[in-house]
Amino acid sequence: MKSAQAIYDSLSTERNQWLERGRRSASLTIPYLIPRANTPIQENIDAFNLPWNGIGQRGVNNLSAKLLMQILPPTEAFFRFTLDPVEMEKQEAEMLQSGASPEEVAGAKSEIELSLNKLELSILRSIETSNDRVMVHESLMHLIVAGNVLLHIAEDGLRLYPLNRYVLLRDPTGEPLLAVVCETMAVDQLPASIRNELTKDKEEYGDLIDNTSPLPNVGEEAKTVDIYTCVKWTDTKVEWFQEINRKEIEGTRGTSEKSTSPWLPLRMNSYQASSYGPGYVESACIADLQTAEALSQAVSECALVSAQTKHLVKPSGVTNAKQLADAPNGAYLPGNPEDVYTVRTDKGSDINVAFTALQRIEQRLAASFMLSEMREAERVTAEEVRIQTMQTEASLGSVYAILTSEFQAPYIRRRLALYMKKGGMQKLPEGLVQPMVSVGLAGVGRGNDLEKTARFMSILQQSIGPEGIQKYVNNAELIKRLSSAMGISPLGLVKSEQQLAAEQQQAQQQAMQQQLAANPQGLASAAQTMQDMNTPSEEPNG
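Quick caveat, the model's predicted, so the values are computed rather than measured. (Residues numbered from 1 in each chain as written. Predicted model: local features only at pLDDT ≥ 70, side-chain atom pairs only at ≥ 80, totals over all residues. Heavy atoms only, no water.)

Q: Can you explain the pairing of strand E7 (residues 237–244)? Please cite residues and give values.
A: A large share of E7 lies buried, amounting to six of its eight residues. Note: strand E6 (residues 224–233) against E7, six bridges, orientation antiparallel. Across the sheet, Lys232 pairs through a bridge with Glu239, a residue of E7. Relative to strand E9 (residues 254–257), E7 runs antiparallel, the two being bridged by four bridges. In the sheet register, Lys237 faces E9, and the bridge partner there is Glu257. Here E7 pairs with strand E8 (residues 247–248) via two bridges, running antiparallel. (Buried < 20%, exposed > 50% of the residue type's maximum accessible area, 1.4 Å probe, protein only. Helix = DSSP H or I, 4+ residues; strand = E, 2+ residues; numbered from the N terminus. Pairing = 2+ DSSP bridges.)

Next comes the structure, spelled out in structure tokens:
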């Protein structure tokens, strides 16, 4: 069997090709995301050339923040646990066969749903108190620029591995098969568990581990070691181990269910011909970024040249160039004005051509990076802003689709497994509870439903008027659909049919009492009528 280091070396060729493509995108947006070296270097001090145009940086930051707010929204639950209808029907049938009444079955289902609601709140609270949101934001930046990133969700938090620190192999369907992570760490920074294992084999690692002086002396370089972590996916399991110098470190093996794997290899776009995928920058706007970079450099350099002020002095003239240069402002000097000439570039029209082209390209880049720019007008209505926002969200549908399947759903299942491992809740029945993502692509679908419902009601209002709407439209069903499309729970907010019926009955009784109070004779007649109705009729004596 190959060692993890040998696997890493054999898979690096394909990975390096995608790294170069990622570096090209990073050089036009955020250069520091992908270092120049293919292998991780401790305390890398690479110098990066800054781009001439900053719209790439602004666009990546804006798009990553927008995706973060959609994937992990801070003000709402981005998932909910639902009961599988098929499994729930089996459970109900088993309870009925065991002698439980239908009321008991319904009560048990209500208790499960209440427990799931509490579980959702507990997991959300654990996410809010962790570093996950910070690491997910950085992961989204890597996905936008490089297109690939590897996440490790452990008990102590979430960790990110950029593309230059791992290699990956997928099957033809896109499922991960093998991944190897390479980390270059100083010996004194190794985890205590690994240091303890290395000290047991002094013959192999004696030159690395020095218990008496773990820190380097002044002027000496820190001792470093390459740690390789090999991750393998099977049909139902995920296994991993670590090795140094092509030898496995004892005590580093781990295993997990595939559905709750702590290792999540993410990609921005699916590319079936490769184990990796292109980033958003490469697939959406790399050509415009390159053109904007060249035009920005040309315009900036030309503007810098035009901003300079230089004079030419006639060599045979009477004007002294040194006296002219040293003279203070407002001084009087002997000379001839024809002896001095101010240098002019006369490139204003050329700069305007390049600047106009640059503005058009920046507008296209702003649309690609979802930078909202309203039309220039005195009045921009809220409806225009809302429509443009919905169009922007809908254009991210393909991005939401792959992030939902490869990040959100596995991330929730992993968080649920860690919560149960800590004793937060007993293990749920297998297959009974499934996490459902309620943001991202689902949010875009709800937004489309809301738009269609609003347009439908607007057309009805114009065609049949308020009287027709009151006659044909079911208000209760309309309220349910609007609340569902907006992601708002109507419980406790909208009156139920029972409450409306009770209020209607109470209003009728109050109206009748007011009517009878206004007519005393009618009140007496009604009282007599009630008394006659309550008095049993006497049968005649025969």
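Q: How would you summarise the pairing of strand E5 (residues 176–186) if you had to cite specific residues and measurements?
A: The element E5 is largely enclosed, with a buried count of 10 among its 11 residues. Of the strand pairs in this sheet, strand E4 (residues 166–170) and E5 are connected by five bridges, and their pairing is antiparallel. Each residue of the ladder has a partner; that of Tyr166, found in E5, is Val181. Taking the residues between adjacent antiparallel strands as the criterion, E4 and E5 are bridged by five residues, where Gly174 takes a positive phi near 95°. Relative to E6, E5 runs antiparallel, the two sharing nine bridges.

Q: Give me the lowdown on a nonpolar patch on the surface, citing residues and values where you can.
A: Where nonpolar side chains cluster on the molecular surface, the patch consists of Leu312, Tyr341 and Val343 and spans about 290 Å² of accessible area. Checked against the element boundaries, Leu312 lands in strand E11 (residues 311–313). (Patch = residues over 30% accessible without salt bridge, like charges linked within 9 Å, V, L, I, M, F, W, Y side chains within 5 Å. Areas by Shrake-Rupley, 256 points an atom, 1.4 Å probe, with all protein chains shown as cover. Salt bridge = Lys/Arg side-chain N within 4 Å of Asp/Glu carboxyl O.)

Q: Break down the nonpolar core for me, with residues and values.
A: Judged by nonpolar contacts, the single largest core of 94 residues is most densely connected at Leu67, Trp263, Phe369 and Tyr411. Counting residues per element, this core draws most heavily on helix H13 (residues 397–421), which supplies 10 residues. Not counting residues within four places of it along the chain, the set of residues in contact with Leu67 comprises Leu140, Ile144, Met268, Leu396, Val399 and Tyr400. Counting residues in hydrophobic clusters, the runner-up holds eight residues, among them Ile194, Val225, Ile227 and Ile244. (Core = buried A, V, L, I, M, F, W, Y, C linked by side-chain atoms within 4.5 Å. Contact = heavy atoms within 4.5 Å.)

Q: Kindly report on unusual backbone geometry, identifying the contributing residues and their values.
A: Despite not being glycine, Asn245 has its phi angle at roughly 55°, a positive value. Tracing the chain through its elements places Asn245 in the loop between E7 and E8. By relative accessible area, Asn245 is classed as partly exposed at 39%. Its identity is not glycine, yet Met370 carries a phi of approximately 60°, on the positive side. Relative to the elements of secondary structure, Met370 occurs in the loop between helix H11 (348–368) and helix H12 (382–395).

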